[in-house]
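This is what each chain is made of:
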Amino acid sequence: MSASRSARKSNSPKQPAAIIGAGIGGIATAVRLALAGHKVTVFEAQESFGGKMHQLVLPGGYRFDGGPSLFTLPHLVDELFRLAGREPKEHFRYQRLDPITQYFFPDGTQLTAWADEEKFAQEVEQKLGVPAPEVLQFLKRSRLAYDATADTFLQKSLHKARTYLSADVLKALAALPRLGLTSTMHQRHTAAFPQEPRLVQLFDRFATYNGSDPYQAPATLSMIPHLEHGLGAFYPEGGIYAIAESLVKLAEELGVQFRYNEPVEEILTAAGRVTGLRTTQEVYDFGLVVSNMDVVPTYRRLLHKEPAPERTLRQPRSSSALIFYWGIGQRFPQLGVHNIFFSEDYKREFDAIFQEKTIAADPTVYVNITSGHTPTDAPEGHENWFVMVNVPHDQGQDWPTLVARTREAVLSRVSQALGTDVGQLIRAEHVWDPPGIEARTSSFGGALYGSSSNNTMAAFLRHPNFSQQLEGLYFCGGSVHPGGGIPLCLLSARIVADLIAQ
Ligand SMILES: Cc1cc2nc3c(=O)[nH]c(=O)nc-3n(C[C@H](O)[C@H](O)[C@H](O)COP(=O)(O)OP(=O)(O)OC[C@H]3O[C@@H](n4cnc5c(N)ncnc54)[C@H](O)[C@@H]3O)c2cc1C
């Protein structure tokens, strides 16, 4: 044990803790509990860690991050290394992306989202004709909304009475109506840029960052652009998978034991508290259990003898994704790490997802390419395309038909925008659809972010980070408070560790 580690680690013996699932939330919780002095065992159903944050390699040498591709708030990863007394840069490195995103509109307009807000505003003025000061004013409002609410809604448990005793929290709650509880994100963006539907579409897209619908989600979510435009988008050295990889290494150095290929089948309880776990291999005694498994199957499968919080579990799910991983036999210098090919009719697209539970004929296409930054991710002269379309979560749709139809629509859109027959360039292919996402991660219906944030009260209706019925049971990860996405999963780990410490 290093001197720094022993200095940081708690001396008092704590009860052993079990974590169900080695997703990013489970890994971060393992690090925190190990640092607090708990002996931690992580049970993972799959053969390795990461959950949605896994990686895959296709024949021909194309490496892909399987799930997340956009990385914000990197200090939340650094924080874990610092807590362990390590210099973050020696274990995990990243760079700020500039430009952040290349946007392609159906009318042929191409717009670059530069990291610098002024430069981005100038680009919008030049390409879309919206005066730069109006764009800067919008981004400023996004920052103010973020600053007014993020600490309260993302960093604290909303389900403990003591949270509401703080003056900051009461101030944030009082600010909510002003920040937009009665209008939608789309209405907010249309009011800001009435003359330019393309800019409205660009900012509406941020609703998809937590799997929501900009035509339903409250205008308070207009704070999301600040995450990317104000605080920055980042690229980890080696890709997103490096986040999970470096944190698992840290957890192992802190003594955390990872038991792969060992799914948990039941959380054992007696007299209102957790007593242990039954896995496919053994029965274990544990008084402290943290589930990183999606909260719906945690109740339905692991706690089926206990009453479930039905109202919480019935909250509408977030969107899911259909991903085509393509090894592409050519380089496209006009593309960056993040590329968006917008559809003609954004409203149609979200109606299809959230009302009709299907995929619109002409969906917006997101293409993530990491081989420009990490050359080993594709052979020389080739690229690794992670091509994603937002889709509804699985409700028994005819996925093979939807996948085949959407593949053609995607190829048509990107080929048209790039002036090349992209289908001819595909050298390797893999597809991940909502049933596949559920099968690999246990996420209910393959939803990417747990429940959606389409409802004004969504933040309060998410499952808390602790069980209200069973002592010793806690929850982390994207299906519980504060929500899905890498930063929020990392924050869920912080909240769980704080609750356990208290
Ligand atoms: C295609 C896609 C794109 C995304 N894009 C982004 C993005 O750009 N930026 C971003 O921030 N976020 C993005 N996300 C969301 C982000 O990936 C997730 O919010 C986050 O990774 C979820 O982490 P988690 O801790 O909830 O665990 P999960 O990743 O859901 O992992 C849960 C783990 O628990 C294991 N498990 C489940 N049941 C059991 C059991 N019974 N016993 C043992 N183990 C079990 C699973 O095998 C899995 O390893 C994306 C997700 C996907 C799928």
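Small disclaimer: the values here were computed from a predicted structure and weren't measured.

(A) Focus on the nonpolar core. I243 and L247 are the most contacted members of the largest nonpolar core, which has 105 residues in total. Here the element with the most residues in this core is helix 17 (residues 486–501); it accounts for eleven residues. Non-local contacts of L247, meaning those with residues more than four positions away in its chain, are made with I24, I27, V31, V77, L80, F81 and L490. F104, I328, F332 and L418 belong to the second-largest nonpolar core, a separate cluster that totals 26 residues.

(B) Highlighting the packing of helix 3 (residues 75–83) against helix 17. Packing of helix 3 against helix 17 leaves a shortest axis separation of 9 Å and a crossing angle of 35°. Note on element contacts: helix 17 touches helix 3 through P487, L490, L491 and R494, opposite L76, V77, E79 and L80. Within the contact of helix 3 with helix 17, the residues separate by chemical class into six nonpolar, no polar and two charged.

(C) Highlighting the packing of helix 7 (residues 185–192) against helix 8 (residues 197–204). Closest axis-to-axis distance for the helix 7/helix 8 pair is 9 Å, and the angle between their directions is 145°. Where helix 7 crosses over helix 8, the handedness of that crossing is right-handed. For the pair helix 7 and helix 8, contact is made by M185, H186, H189 and T190 and by V200, F203 and D204, respectively. Broken down by class, the residue content of the contact of helix 7 with helix 8 amounts to three nonpolar, three polar and one charged.

(D) Quick look at helix 4 (residues 117–128). Between its first and last C-alpha atoms helix 4 spans 16 Å; for twelve residues at 1.5 Å apiece the expected length is 16 Å, and the two agree. Those residues of helix 4 that fall on the buried side of the exposure criterion are F120, A121, E123, V124 and L128. The arc enclosing the buried residues of helix 4, seen along the axis, measures out at 155°, which places them on a common side. Of the residues flanking the start of helix 4, the one acting as N-cap is D116, its side-chain oxygen 3.2 Å from the backbone nitrogen of E118. Once helix 4 ends, the next one or two residues include G129, with phi positive near 80°.

(E) Inspection of the domain arrangement of the chain at higher detail. Domain annotation for the chain reports domain 1 (3–70 + 239–314 + 453–501), domain 2 (98–179 + 192–232) and domain 3 (319–441). Measuring from the centre of the C-alpha atoms in domain 1 to the corresponding centre in domain 3 gives 29 Å. Of the residues lining the interface, 20 residues belong to domain 1; the matching set on domain 3 comes to 27 residues. For the pair domain 1 and domain 3, the summed buried surface comes to about 1800 Å²; carbon and sulfur atoms form 57% of the total. Looking only at domain 1, the three residues that lose the most surface to domain 3 are Y62, F64 and S69, adding up to 31% of its buried area.

The rules behind these values
Residues numbered from 1 in each chain as written. Predicted model: local features only at pLDDT ≥ 70, side-chain atom pairs only at ≥ 80, totals over all residues. Heavy atoms only, no water. Core = buried A, V, L, I, M, F, W, Y, C linked by side-chain atoms within 4.5 Å. Buried < 20%, exposed > 50% of the residue type's maximum accessible area, 1.4 Å probe, protein only. Helix = DSSP H or I, 4+ residues; strand = E, 2+ residues; numbered from the N terminus. Contact = heavy atoms within 4.5 Å. Axes fitted to C-alpha atoms, helices over the stretch in contact; angles between N-to-C directions. Nonpolar A, V, L, I, M, F, W, Y, C, P; charged D, E, K, R; others polar. Left-handed = near helix turned anticlockwise from the far one by under 90°. Expected span 1.5 Å × (residues − 1). Arc of directions from axis to C-beta. Polar contact = N/O pair within 3.5 Å; in protein donor to acceptor, adjacent residues only side chain to side chain. Domains from an automatic or database assignment. Buried area = accessible area lost by both parts, 1.4 Å probe.

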